[in-house]
Amino acid sequence: MSLTGQRVLIMGGGSGIGAAAAALFAARGAEVVITGRTPDRLDAAAASIEGKVTARRVDAASEREVADFFAEDVSYDHLVLAVSGGSGAGPFAGLDLDALRGAFEAKVFPQLRVLQAALPRLTASATLVTASSARAALPGTAGLAAVNGALEAAVRPLAVELAPLRVNAVSPGVIDTPWWDAVPAERRAAMFAASAAALPVGRVGRPEEPAEAIVFAATNGFVTGQVIEVNGGLTLPTGRP
Ligand SMILES: NC(=O)c1ccc[n+]([C@@H]2O[C@H](COP(=O)([O-])OP(=O)(O)OC[C@H]3O[C@@H](n4cnc5c(N)ncnc54)[C@H](OP(=O)(O)O)[C@@H]3O)[C@@H](O)[C@H]2O)c1
């Protein structure tokens, strides 16, 4: 289906899953605006994508920047919330709760703030990007589960309250994106290998894979209130002892 004439806003579109979604929307003819906090990263992403892509510097965690952005008289058909950040990972007994509060400030409140501010400008869909930590029950992820579970829990009531706007989430598993850059290369490679070995699909994900689910959630007019898991089988009960 062509998306020519439709406008898509991707908050957190300068890299990884958001940038991959921008490329897919643009390939189908949509006009795409990508936002983030790092101008060089945004410009590089916009330059690498064929089609109508504009980069704007907006910090989704800043109430003022978000309000200023939506004060502009521009409407959007689809909103994608791909911002991430903050910590909150690690064994619960030693979990730094201030860091966990920071993770809520870096992901939950920016996504909710942007959605709220966008409402007068938004006509068709909003897609949150959460994480399979919300449901995977992996040791060391209680904090991440709380952050992403908070967003996932909001999806169903939002879909009912904000109708006819459709609200969904895409919940990725381990995806090879710059999100992992903070982990030293050797440790990251070991973590990806361990993850691949544990997954039914035998590998970690590519950013295009959750991005395809984002485009599906945004464009299928009969899908709302759903959390779409794109995680290689991470949350499946394996039956293994
Ligand atoms: N990669 C994975 O394994 C994985 C797994 C589960 C869930 N996820 C989720 O998927 C989403 C996308 O992550 P990704 O893997 O694609 O990582 P990524 O490449 O780091 O993308 C996140 C993007 O968000 C932007 N961003 C962060 N904070 C922002 C803010 N306050 N305002 C505006 N933009 C902001 C970043 O750009 P700037 O820093 O320049 O602003 C970056 O371009 C995140 O919500 C992440 O939690 C990822």
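Scroll up to find the structure.
An account of the accompanying structure is given in this report. Because the structure is a prediction, the values reported are computed rather than measured.

**Considerations on the pattern of salt bridges**
Tallying each qualifying case throughout the model produces 10 salt bridges. The shortest N-O distance in the salt bridge between R57 and E65 comes to 2.8 Å. The partner of R121 in a salt bridge is D73, and the shortest N-O contact between them spans 3.3 Å. In this pair, R121 sits in the loop between helix 4 (97–118) and strand 5 (122–129) while D73 sits in the loop between helix 3 (63–71) and strand 4 (76–81), placing the two residues 48 residues apart along the sequence. Where salt bridges share partners, they join R135, E152 and E229 into one cluster.

**Quick word on the site of the ligand**
Residues in close proximity to the ligand total 28 residues, the closest being S15, I17, R37, T38 and T177. The contact in question runs from an oxygen atom of the ligand to an N or O atom on the side chain of R37, over 2.7 Å. One nitrogen or oxygen atom from the main chain of A60 is found 2.8 Å from a nitrogen atom belonging to the ligand. In isolation the ligand offers 870 Å² of accessible surface; the protein chains occlude 94% of this area. Taken together, the residues that form the shell around the ligand break down as 14 nonpolar, 10 polar and four charged.

**Quick word on the environment of A19**
If you trace the backbone, A19 turns up in helix 1 (residues 16–27). Since its relative accessible area comes to 14%, A19 is described here as buried. Residues A19 and A211 lie 192 residues apart in sequence; the distance between their C-alpha atoms is 8.4 Å. In this structure, A19 is in contact with G13, G14 and I49, ignoring residues within four places of it in sequence.

**Comments concerning the packing of aromatic side chains**
Inspection of the entire model under this criterion finds four aromatic pairs. Pairing W179 with W180 gives two aromatic rings, centres 4.9 Å apart and planes at 75 degrees, and the pair type is edge-to-face. Relative to F192, the ring of W180 has its centre 5.5 Å away and its plane inclined at 80 degrees; by these criteria the two rings are edge-to-face. With a gap of 12 residues between them, W180 in the loop between strand 6 (166–172) and helix 7 (185–198) and F192 in helix 7 connect regions that are remote in the sequence. Exposure remark for F192: the relative accessible area of 12% places this residue in the buried category. Chaining the aromatic ring pairs together yields one cluster made of F69, F70 and Y76.

**A few points about the nonpolar core**
With 32 residues, the main nonpolar core has L9, M11, F69, F70, L79, V114 and L115 as its most contacted residues. Elements that contribute at least two residues to this core include exactly strand 1 (7–11), helix 3, strand 4, helix 4, strand 5, helix 6 (142–161) and strand 6. For this core, the element with the highest residue contribution is helix 4, accounting for six residues. What V114 contacts, discounting residues up to four positions off in sequence, is M11, A60, V66, F70, L79 and L81. Judged by nonpolar contacts, the second largest core, of 30 residues, contains I34, V53, A213 and A218.

Thresholds applied
Residues numbered from 1 in each chain as written. Predicted model: local features only at pLDDT ≥ 70, side-chain atom pairs only at ≥ 80, totals over all residues. Heavy atoms only, no water. Salt bridge = Lys/Arg side-chain N within 4 Å of Asp/Glu carboxyl O. Helix = DSSP H or I, 4+ residues; strand = E, 2+ residues; numbered from the N terminus. Near = heavy atom within 4 Å. Polar contact = N/O pair within 3.5 Å; in protein donor to acceptor, adjacent residues only side chain to side chain. Areas by Shrake-Rupley, 256 points an atom, 1.4 Å probe, with all protein chains shown as cover. Nonpolar A, V, L, I, M, F, W, Y, C, P; charged D, E, K, R; others polar. Buried < 20%, exposed > 50% of the residue type's maximum accessible area, 1.4 Å probe, protein only. Contact = heavy atoms within 4.5 Å. Phe/Tyr/Trp six-rings, centres within 6.5 Å; stacked < 30°, edge-to-face > 60°. Core = buried A, V, L, I, M, F, W, Y, C linked by side-chain atoms within 4.5 Å.

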